Each structure stands twice: as C-alpha cells, then as structure tokens.
Amino acid sequence: MSETVRTHARVRASELVGRNWLNTGGKSLDLEALRGKIVLLDFWTFCCINCLHVLDELRPLEEQYSDVLVTVGVHSPKFEHEADPVALAAAVERYEIHHPVLDDPELDTWKAYTARAWPTLVVIDPEGYIVAHLSGEGHADGLAVLIPELIAEHEAKGTLHRGSGPYVAPEATSGTLRFPGKALFLPPGRGSTAVAGTHDGGTPAGAAASGAADKGSWLVTDTGHHRLVELGTDFQTVLATFGSGTKGHADGPAAGDDATARFNEPQGLVLLPEDVAAKAGYDIVIADSVNHRLRGLSLTDGKASTLAGNGIQRLLETGPARVDEEAAGFTGRLGGHPLEVSLSSPWDVVWSRKLNAVVVAMAGTHQIFSFDPVTGAVAIVAGNGLEGLLDGPAHEAWFAQSSGLAEDADGNIWVADSETSAIRKLVIGDDGLVTVESAVGKGLFDFGFRDGPAAEARLQHPLGVTVLPDGSVAIADTYNGAVRRYDPATGTVSTLARGLAEPSDVIVDHTQSAGSEPLLVVVEANKHQLVYVPIPKEAQQVDEGASQTQRPKSPVAAGPLELTVRFTAPTGQKLDERWGDPTQLKISSTPPELLAAGGGTSVGLLRTLELSPDVPEGVLHITARAAACDGPETEDGEIPDHAACHLYQQDWGIPVVLQADGDTELVLDLRGMD
C-alpha cells in the first residue's frame, strides 16, 4: 500500500457521547450502527472560520463517496453561546450541513479522541479502528487518496458495506431573508429605485419605490439565500433582488427573475463614493465570503462582476517562513492581476478616505486587506496572519477572524475581531503608516458579558461595529445577543440593547423613518430580519462575569518540555525543501512568564521548551506550518517546476497545569499519528 497518513497501531475508536443528535430524524447513532462505513469525525465549533472552510472542503468527498463515507460533525463549543442547542440547530441549518451532527457541549467526545484544536478530523475504518488524525484545514487532497485506499482494503476483506447513510434533512425555517449577514443604507438617488422601481423579481413596486426614492432604502446580504435584497425603510417591502439565489459563482445580470449572477454566502457590502463609482463602473463592493472573492454590483444596470480573487482559498504563502524570527509579516501590495490573487473568506468591507480604498476584513487569514476599485490593486494593510491578539505596527499585529469594520470621523478603522471577542482599531497616520490598538478584549479564550472599564469588560464573538454620532462605537455583540457601546472618551463599555437573536451587524440610521431621533438598525440573523433599536439616553450596566473557554488542562512538569509536531505528507506530495526546511514553529505563552525558554519563531517541528516553576498554570500558543508540493519526484529527486504547493497550518492553544509528576513531552498531530 502506498504511504499515507495512517496509524501504525490498531487503536479502537471511542464511542460517540453527547447531549443530542441533529440531522438524524431524532435517532441516536453509535459506532456499531456505523460499522462497515468509513467514518470521518469532524470536530468543529460554529464560530470558527477554519471549521467552516473544512465543511466546504469535505462536501465534494461526501458527494463522491456517499455510499461508503459517513461524516459525523462533533460540535464541541468554544463559546458559552455555542452550547445552546437552539443556536447549534440554527448553525447547522445556516451552513447547510448535510451530515449527522453530535452535540458535545461537555466536550466528552472531544476529550475521548484527544482533540486539541478546531478543526480536527479523525478517520475511522469500517472495522472501527482509527486510521488518521488531522488538525487544521487543507486535508481534502490527502483524504481523497486515503479513502480509496480504505475502500480497496476493506472491499477485499469483505468489511465494507455500501448503501445510504443516516442523514435526515431537517425542516427549513426562514422567510424573505435567511440568516442575513450585513446591511447598507442606500441614500435617495443611489438605490436601484433611482433607475426603476422593481419588486422582488421585476414587478414595479409603485408607491413603495416612489417612497424609497425619497427616503432611501436598505441593501441586505441575504446570506442564506445567496443573494442581495433591497428593502424599503419598513424592512418589509422588497424593492429588488440581486442574484439568482442559487449558490455558486457567476457574473452577469443580477436583478430580478432574469438574474443569472450567483453568489455564495455574501456578507459585507459597501457603497462607493459617487466619483469612485463613476470611474470603477459599479456602485457596490460585496464580500462574497465562500467564493473567496470581492464582487461588484452596478445599481444602474443590475449587473454583477468579479473584482478580486481567483476563487482559490488563500492559505497564506507557502515556503519555510512567511513571518520572520520576530513574527513580522509582509504588508503592502500583492503582485499580479486582482483576479489572480487568492483571498480567504472576506467578511466585511468599508471605504477608507485616508487610504482611498476599500478596506477588507479577511477573516480566513486573520488579516486586513485593501482593494483599490480604480486600479484594482490588492494589498495587505495589517496582520501577519497569526491568530491572536497582539497590537503594534501593522506588519507585526495579530488578529483573529475579523468580521466587522467601520470608519470614524478621524479616518481610523474600527474592527470587530470576533475570535478574541475584541474591538480593535487601525490608527492610520497622515503618512499612511498603520498602527493597531485594542480597545476591548483580552485574548483568544477570554469572553463574557461585563460592562465597565474597558480593561475588565468582556464581549462574546462580536461580528459588527459602527460609529455613533457622538464618536462612541456600537458593537453587535453577537453571541451575547446584545448591542454594546464603547466610549473612547471614558474608556468604558455599556449595553444599549439585549434579547437579540445573534445580531450580525449594526448601523446608524439617520433617515428619521421611525421618529425624530437617530436609531440603530440591527441585522438579527437568527430571526431572519432587520429591526430598529432606539439609542437609549441611559445605557445599561451589565455584569454577568468574565469567562474562559473550558478545555482539559494538560499536566506538565516544570523544566524542559520536549515538543513534537507530527506531519506526514499525503501520497503524491513531498516536503518542499528547495529553500531549506519547509516546516516552522512559532511558540509563545500566556502569561509570558510561563515560558522561560524556547519561545519565538524558527524552522523545524521539534522544540525543547523550558517551563518556569514559578507559574502554576497557563496556555501554550503553538503555530505549526509545513509546506508540501504535488507531483512525482524527478530523477534527481527534485520537485518538478511549476508543481502545485500546499501549506498546512494549525494554531493550538494548549492549557497546561504544572505538576511535579506531569508530562515532560507534548506531542501534537498536524497530519498523522503513529
């Protein structure tokens, strides 16, 4: 058998234990019921962008091998809100998951399979033995080799059973909108009604269109329907739709029943200044998240176009080190035509007057990009691609799945950094230099619902942000179901509204459509609607505490700790050693004093760490990378020219507690186990 990522010892798979099953028609599953199938356990949590990438990576394999492969999503939550079974059911529907899902709120199955990171994949053979253990994303090609190997092996043994799997589709719930993402106000003269009033498919909307021409309208990314919807200020009247509603990627006519243009879970959108729109030839820039592209929409002729992105998910640059020894990354213009640049899950967009460009929250690589609609130039503005919370010069900063953007009166950009439950700010100098600052938030595993001084305040996975008339910042605090407020003048956080169903965006409405005072417009994703929310004169003060993600702590001994990250290149790939060692480790700790030695960035997947005896517990932050390339080796053993290359990467946060009899070794699997 050709070399693949396989266990060398036969390890029996642990039973699947949790609170409930979804997508099974109410039935519970166990490994005995799945015997004879190749089972792929996908440990995920619905906040995690890497987990969402893996869902899409697996879809072609699930379809191709539907008679022998059963994927089981094991939902092991990071945030408190993700343990809510109603929220999980909504996420399963939102992300169109077509396989059984085990609700694992106490991390029972997570611990049984020694998962240490989201996402983690475990392959179980038809006899119930573990054959592969994979961390991170980008493993589809390797699985495409492993699965046929398992099929051949177990057909020969008579242990493979073909036939349909246990998936049962749930009943869908939504109305005009389905899990809307972001919204944008179109002032009078800029909406589609300025050209011709239409109603959901081309029928004239009459008085409603006339009213929109006077009052303006709202353009919403109808994310779950893979389209955009223009609504009147009553949020009920549909003035126009853009996109066919079929998931995919296609440019061309986007308006009404004749639309052929396609989107795939569109998220953020921004209206270009009129002079820029006139030069560019379109009005709206859309973050087409699952297509990994920026799209353009002309409200004049209703046509959609692709502005940037080749549709291939950006997995950061290949090679031995994308960041240097000090973790400084590349910022600046990316070469090539904008349609040749790889992007990764663009989530929100905003116009920057200082940069004279669209700023893009590139959630998939934990970076901030820019796009110039006139020249087509794509650039990295901030973030070195490492996941976490670190301020400073733009090229050294860390972000974590940035999902919301807003510009303030000074031209600085506020960022809702969802996975660190943080609010960050890009301070853009007159010379164009960018510095990153944090206003609220502590780190990847710290969250809660606490108002008060910003240093002690806590949010829970915020997705949206906007600047209020007084210069303070309103936050769509998504997993707390709230709108929060950060006041830079006083450095304090308060609560403006509660009881919302996963608010994914918040915008200030100055139209006075519902009264004389400015209101907030909130995109309430899990109720499939937009709502008006008053800005209270007196904000609430809430303290429901600060929390940390609860995961098992690994007992380790003070002193030397031998770290090994195991990686086996898939069949048909070879480690890319053309420019030296193609593997890399970056290691740090919280608190920093935990790591007496062994931190920093260097090549190789082996490292000796030195743990301080003076720190009783903490978290080790470990990022591992390995670059491998496709194709058979040439006679001289070199990788062929123009071979396709792949970067495998995973970030771990390993909670540890120091004990005299603790482990002196730590072994992690990037790809494979023995």
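Residues numbered from 1 in each chain as written. Predicted model: local features only at pLDDT ≥ 70, side-chain atom pairs only at ≥ 80, totals over all residues. Heavy atoms only, no water.

> Any details on the sheet that holds strand 34 (residues 519-524)? Residues and values, ideally.
Strands sit in the order 33-34-35 across an open sheet of three strands; the sheet is antiparallel. What marks the edges here is a single partner per strand, and that holds for strand 33 (503-509) and strand 35 (529-534). Ignoring strand direction, the axes of neighbouring strands in this sheet form an average angle of 25 degrees. Here strand 33 runs beside strand 34; their pairing, made up of six bridges, is antiparallel. Bridge pairing in strand 34 places Val508 opposite Leu520. (Pairing = 2+ DSSP bridges. Helix = DSSP H or I, 4+ residues; strand = E, 2+ residues; numbered from the N terminus. Axes fitted to C-alpha atoms, helices over the stretch in contact; angles between N-to-C directions.)

> Let's hear about the side chain of Asp222: which residues, and what values?
By the secondary structure assignment, Asp222 is in strand 9 (residues 217-222). For Asp222, a relative accessible area of 0% gives the class buried. Looking at Asp222, its side chain comes within polar contact range of the main-chain nitrogen of Arg178, at 2.7 Å. Discounting residues that sit within four places of it in the chain, Asp222 has contacts with Thr176, Leu177, Arg178, Arg227, Leu228 and Val229. (Buried < 20%, exposed > 50% of the residue type's maximum accessible area, 1.4 Å probe, protein only. Polar contact = N/O pair within 3.5 Å; in protein donor to acceptor, adjacent residues only side chain to side chain. Contact = heavy atoms within 4.5 Å.)

> Lay out the pairing of strand 3 (residues 38-44) with the relevant residues and their values.
Of all seven residues in strand 3, seven are buried, a share of seventy percent or more. Judged by which residues are buried, strand 3 turns out to be covered on both faces: Ile38, Leu40, Asp42 and Trp44 on one side and Val39, Leu41 and Phe43 on the other are all buried. Pairing analysis gives seven bridges linking strand 3 to strand 4 (residues 69-75), with the strands arranged parallel. Residue pairing across strands places Trp44 opposite His75, the latter belonging to strand 4. Between strand 3 and its parallel partner strand 4, the chain crosses via helix 1 (residues 49-64), and the hand of that crossover is right-handed. Relative to strand 6 (residues 120-124), strand 3 runs antiparallel, the two being bridged by five bridges. Within strand 6, the position partnered with Asp42 by the bridge is Leu121. (Right-handed = clockwise from strand over helix to strand, strands pointing away.)

> Could you give an account of the side chain of Gln401, with specific residues and numbers?
Mapped onto the fold, Gln401 is located in the loop between strand 22 (392-393) and strand 23 (402-407). Overall, the relative accessible area of 6% leaves Gln401 in the buried class. Setting aside its immediate chain neighbours within four residues, Gln401 contacts Cys47, Cys48, Ile49, Ala363, His366, Ala416, Asp417, Ser418, Glu419 and His461.

> Outline helix 2 (residues 85-94), listing residues and values.
For helix 2, the tally of buried residues reaches seven of 10 residues, placing the bulk of the element in the interior. Within the sequence span of helix 2, burial applies to Ala87, Leu88, Ala90, Ala91, Val92, Glu93 and Arg94. The inward-facing, buried residues of helix 2 contact strand 2 (20-22), strand 3, strand 4 and strand 5 (101-103). At the N-terminal end of helix 2, a side-chain oxygen is found 2.9 Å from the backbone nitrogen of Val86, two or three residues along, and the residue is Asp84. Count one or two residues on from helix 2 and you reach Glu96, which has phi positive near 50 degrees.

> Tell me about the environment of Leu468, residues and numbers included.
Within the secondary structure layout, Leu468 lies in the loop between strand 29 (464-467) and strand 30 (473-477). Judged by relative accessible area, which is 6%, Leu468 ranks as buried. Excluding residues that lie within four positions of it along the chain, Leu468 makes contacts with Ala474, Arg485, Leu496, Val508, Leu520 and Ile535.

> Describe the sheet that holds strand 18 (residues 346-352), listing the residues and the values that go with them.
What the five strands build is an open sheet, ordered 17-21-20-19-18; its pairing is antiparallel. On the outer flanks of this sheet lie strand 17 (332-333) and strand 18, each paired with one strand and no other. Sheet topology note: the strand 17/strand 21 (residues 378-382) ladder contains two bridges and is antiparallel. Its bridge partner being in strand 21, Arg333 is matched across the sheet by Ala379.

> Summarise the packing of helix 1 against helix 4 (residues 140-157); cite the residues concerned and give the values.
Relative orientation of the contacting elements helix 1 and helix 4 amounts to 25 degrees, with a least axis distance of 10 Å. In terms of axis orientation, helix 1 runs roughly parallel to helix 4. In this structure, helix 1 meets helix 4 at a crossing whose hand is right-handed. Between helix 1, through Glu57, Leu58 and Leu61, and helix 4, the contact on the second element is made entirely by Ala140, Leu143, Ala144 and Ile147. Here the contact of helix 1 with helix 4 is built from residues that sort into six nonpolar, no polar and one charged. (Parallel < 35°, antiparallel > 145°, perpendicular 65-115°, else oblique. Left-handed = near helix turned anticlockwise from the far one by under 90°. Nonpolar A, V, L, I, M, F, W, Y, C, P; charged D, E, K, R; others polar.)

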